[in-house]
Amino acid sequence: MRMGGEIEAYCKEQNDEEEIVEDREVEDEKMVAKMRYSAAAIGGGFSPPKAVVVGYALTSKKTKSFLQPKLEGLASYWNAETACLTEYGCRKCRNKGILFVAIDLSKPLSDQGPFDIVLHKLSGKEWRCILEDYRITHPNVTVLDPPDAIQHVYSRQSMLEVVAELNLTDPYGKVGVPEQLVIKKDSSSIPDSVNMAGLRLPLVAKPLFAKSHELSLAYDELSLQKLEPPLVLQEFINHGGVLFKVYIVGEAIKVLRRFSLPDVSKRELNSSAGVYRFPRVSCAAASADEADLDPHVAELPPRPLLERLAKELRHRLGLRLFNLDMIREHGTQDRYYIIDINYFPGYGKMPGYEHIFTDFLLSLVQSK
């Protein structure tokens, strides 16, 4: 079947959403020796230069993808194990004056720092409680972003409800969400629930909680019973096989094209059956920025529309670091849909992210 073959070939070519970069290894003994030499040369103990101090609590995978050399080259990097700046950081920190410090999760957060900003992407009730207490006791520290706001977008039900309530319409276009249905249990009742809700096949099935990036595409009612709740079912909207990754960093907006699932014709829908599973949403993450595309498909969403949308969602979500997966309905010029929202996405894959992100961090401190 052509559709299945396209999807299988297409998925094999994609990269993981989180780009893994090589670790920058530093030999502790050599670094300590260099710092002692520097301290002796100036006739006193070494202290880091005055900088905006950003404490970060990230998974190891997120640390590797985010703290890339091109970002560190604009900032500086504090090595907690040796209590000094790396040689690379000492040389470069004057460029932007930002110091990244790893938060030690084995110690009380209040005993660390002092921080100007806390940057985090960890889950768990205990960590949320720690951060909430820290925000109360350290009101002058900017926490990116509030734990409760982040939790709101971990549910695909609540994240898209915000967009649906917004119902954004202006001269540049209309933004909504696909018709969707939340199924929390009992897979055998899914076909009846879909019929009652009036959803049209094919349907995209996604886990209810965004910590998982798997998705499935179901072509017939019988196959719906093979899905595993809790999940969200969304009507699949033909969009020319291209989606727009709208990255938001404070007030900055960057849009990239990504290849997506191909359109489904009525003929293919009538002749297809079953459920096609995709291990990650990043199966659709191959860049389409340089591809030879139909201009109507490749055209980016209008900037004024994105600016208004980003402003509204920053306010309603209470977030400053997120991205939107946005599609344009094929055959239209101004009908857009948000199909997913991700907190603190893979900024390392965004061209120029190091300049955008460091400027954003500095603006947070300067605005106080």
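Here, residues in each chain are numbered from 1, in the same order as that chain's written sequence. The predicted origin of the model limits local features to residues at a pLDDT of at least 70 and limits the giving and counting of side-chain atom pairs to 80 or more, whereas totals for whole chains, interfaces and linings rest on all residues. To obtain the side-chain values, all non-hydrogen atoms of the structure were used and water was disregarded.

**Considering the UniProt feature "domain: Inositol-tetrakisphosphate 1-kinase N-terminal" (unreviewed entry) in the protein chain**
Operational definition: UniProt positions are given in the numbering used here, feature names are shortened, and annotations may be inferred rather than shown by experiment. Where helices and strands are cited, they refer to DSSP runs of H or I of at least four residues and of E of at least two residues respectively, numbered from the N terminus.
Within this numbering scheme, the UniProt entry marks residues 53–75 and 92–150 as carrying the feature "domain: Inositol-tetrakisphosphate 1-kinase N-terminal" (unreviewed entry). Between the end C-alpha atoms of residues 53–75 there is a gap of 10 Å, over a span that is 48% helix and 26% strand.

**Points about the packing of aromatic side chains**
Cut-off, in case you're wondering: Ring pairs are drawn from Phe, Tyr and Trp, using the six-membered ring of Trp, whenever the two centres fall within 6.5 Å, and their geometry is named by plane angle: stacked under 30 degrees, edge-to-face over 60, tilted for the rest. To sort residues, take the accessible area from a 1.4 Å probe on protein chains only and compare it with the maximum for the residue type: under 20% means buried, over 50% means exposed, and anything in between is partly exposed.
Under the counting rule described, the total for this entry stands at 11 aromatic pairs. Where Phe 66 meets Phe 357, the ring centres are 4.8 Å apart and the plane angle is 70 degrees; that geometry is what we call edge-to-face. Of this pair, Phe 66 sits in helix α3 (residues 60–66) while Phe 357 sits in helix α14 (residues 353–366), placing them 291 residues apart in sequence. Pair check on accessibility: Phe 66 and Phe 357 agree, each one buried. Relative to Phe 344, the ring of Tyr 343 has its centre 6.1 Å away and its plane inclined at 85 degrees; by these criteria the two rings are edge-to-face. Pair check on accessibility: Tyr 343 and Phe 344 agree, each one buried.

**Notes on the sheet that holds strand β14 (residues 252–259)**
Selection rule: When DSSP finds at least two bridges between two strands, those strands are taken to pair. Axis lines are fitted through C-alpha atoms, for helices just across the contact stretch, and the angle between N-to-C directions can take any value from 0 to 180 degrees. Any pair of residues with heavy atoms lying within 4.5 Å of one another is described as a contacting pair.
The six strands lie next to each other as β7-β8-β17-β16-β13-β14, forming an open sheet whose pairing is mixed. Either end of the sheet is taken by a strand with one partner, and the two such strands are β7 (168–170) and β14. Put simply, the sheet's adjacent strands are angled 25 degrees from each other on average, direction ignored. Note that strand β13 (residues 242–249) and strand β16 (residues 321–328) share six bridges and pair antiparallel. In the sheet register, Ile 248 faces β16, and the bridge partner there is Phe 322. Helix-sheet contacts for helix α8 (residues 156–166) involve β7, β8 (173–176) and β17 (335–343), and the interaxial angle to β17 is about 140 degrees.

**A closer look at the UniProt feature "binding site: 1D-myo-inositol 1,3,4-trisphosphate" (unreviewed entry) in the protein chain**
Taking the UniProt record as the reference, the feature "binding site: 1D-myo-inositol 1,3,4-trisphosphate" (unreviewed entry) is found at Lys 121, His 213, Lys 245, Asn 342 and Gly 346. With respect to the helices, strands and loops of the structure, Lys 121 is situated in strand β5 (residues 117–121). Taking the relative accessible area as the measure of exposure, Lys 121 reaches 22% and is therefore partly exposed. The contact partners of Lys 121, leaving out residues within four places of it in the chain, are Ala 57, Leu 58, Thr 59, Lys 62, Tyr 154, Tyr 343 and Phe 344. In this structure, Gly 346 sits in the loop between β17 and α14.

**Regarding helix α7 (residues 147–154)**
Within an α-helix, residues lying three or four positions from one another point in the same direction, as the helix has 3.6 residues per turn. Put simply, the rule reads: Note: the arc covers the axis-to-C-beta directions of the helix.
Among the residues making up α7, those that are buried are Pro 147, Ala 149, Ile 150, Val 153 and Tyr 154. The buried residues of α7 occupy one face: seen down the axis, they fall within an arc of 160 degrees. Residues of α7 that are buried make contact with β5, α6 (125–137), α8, α13 (303–317) and β17.

**Examining the side chain of Ser 260**
Here is the rule: Each polar contact in these results corresponds to two N or O atoms within 3.5 Å; when the atoms are within protein, one needs to be able to donate a hydrogen and the other to accept it, and residues that are neighboring in sequence are counted only if both atoms are side-chain atoms.
In this structure, Ser 260 sits in the loop between β14 and α11 (266–271). Judged by its relative accessible area of 9%, Ser 260 is buried. At a separation of 2.8 Å, a polar atom in the side chain of Ser 260 contacts the side chain of His 239.

**Some details on the confidence of the model for the protein chain**
Rule in force here: Confidence of the prediction at every residue is given by pLDDT, a number between 0 and 100.
A residue-level look at the protein chain finds 79% of positions with pLDDT of 70 or above and a mean pLDDT of 81. Under a pLDDT of 50 for its full length, residues 5–49 has, in the predicted model, 72 contacts with residues more than four places off or in other chains.

**Concerning the sheet that holds strand β12 (residues 231–235)**
Strand pairing in a sheet relies on backbone hydrogen bonds, with the paired strands running either antiparallel or parallel. Within the open sheet, the five strands sit side by side as β9-β12-β10-β11-β15. Their pairing is antiparallel. Among the strands making up the open sheet, the edge pair consists of β9 (180–183) and β15 (275–278). In this sheet, adjacent strand axes meet at a mean angle of 20 degrees when their direction is disregarded. Bridging between β9 and β12 involves four bridges; their strand directions are antiparallel. Bridging across to β12, Ile 183 finds its partner in Leu 231. On the sheet, α8 packs against β9, β10 (203–207) and β12 and is oriented at approximately 155 degrees with respect to β9. The strands touched by helix α9 (residues 190–197) within the sheet are β9, β10 and β12, with β9 carrying the most contacts at an inclination of about 150 degrees.

**Comments concerning the nonpolar core**
Note the threshold: Take the buried Ala, Val, Leu, Ile, Met, Phe, Trp, Tyr and Cys residues and link them wherever side-chain atoms come within 4.5 Å; each set so joined is a nonpolar core.
Counting residues in hydrophobic clusters, the biggest one holds 60 residues, and the most contacted among them are Phe 66 and Phe 100. With 15 residues, the next largest nonpolar core counts Ala 51, Val 53, Ala 57 and Val 141 among its residues.

**Quick look at the pairing of β14**
Two elements, β13 and β14, share eight bridges in a ladder whose sense is antiparallel. Bridge pairing links Leu 243 to Arg 258 in β14. Between β13 and β14, which follow one another and run antiparallel, lie two residues, and Gly 250 among them has a positive phi close to 65 degrees.

**Section: the packing of α7 against α8**
Angle between the axes and distance between the axes: these two values describe a pair of packed helices. To keep things clear, this is the line we draw: Working definition: roughly parallel below 35 degrees, roughly antiparallel above 145 degrees, roughly perpendicular at 65 to 115 degrees, and oblique for all remaining angles. Think of it as three bins: nonpolar holds Ala, Val, Leu, Ile, Met, Phe, Trp, Tyr, Cys and Pro, charged holds Asp, Glu, Lys and Arg, and polar takes everything else, Gly as well.
Direction vectors running N to C along α7 and α8 enclose 95 degrees, while the axes themselves pass 5 Å from each other. Of the possible angle classes, the one that applies to α7 and α8 is roughly perpendicular. For the pair α7 and α8, contact is made by His 152, Val 153 and Tyr 154 and by Arg 156, Ser 158, Met 159 and Val 162, respectively. Along the lines of polarity and charge, the residues of the contact of α7 with α8 split into four nonpolar, two polar and one charged.

**Some words on unusual backbone geometry**
Cis rather than trans, the peptide bond between Leu 144 and Asp 145 has omega equal to -10 degrees. With respect to the element layout, Asp 145 can be found in the loop between β6 (142–144) and α7. Of the consecutive residues Leu 201 and Pro 202, the connecting peptide bond is found in the cis state with omega at -5 degrees. Residue position: Pro 202 is located in the loop between α9 and β10. The backbone of Asp 186 sits at a positive phi, close to 65 degrees, despite the residue not being glycine. Classification of Asp 186 by relative accessible area gives partly exposed; the value is 44%. Notably, Phe 344 is not glycine yet its phi reads approximately 45 degrees, a positive angle.

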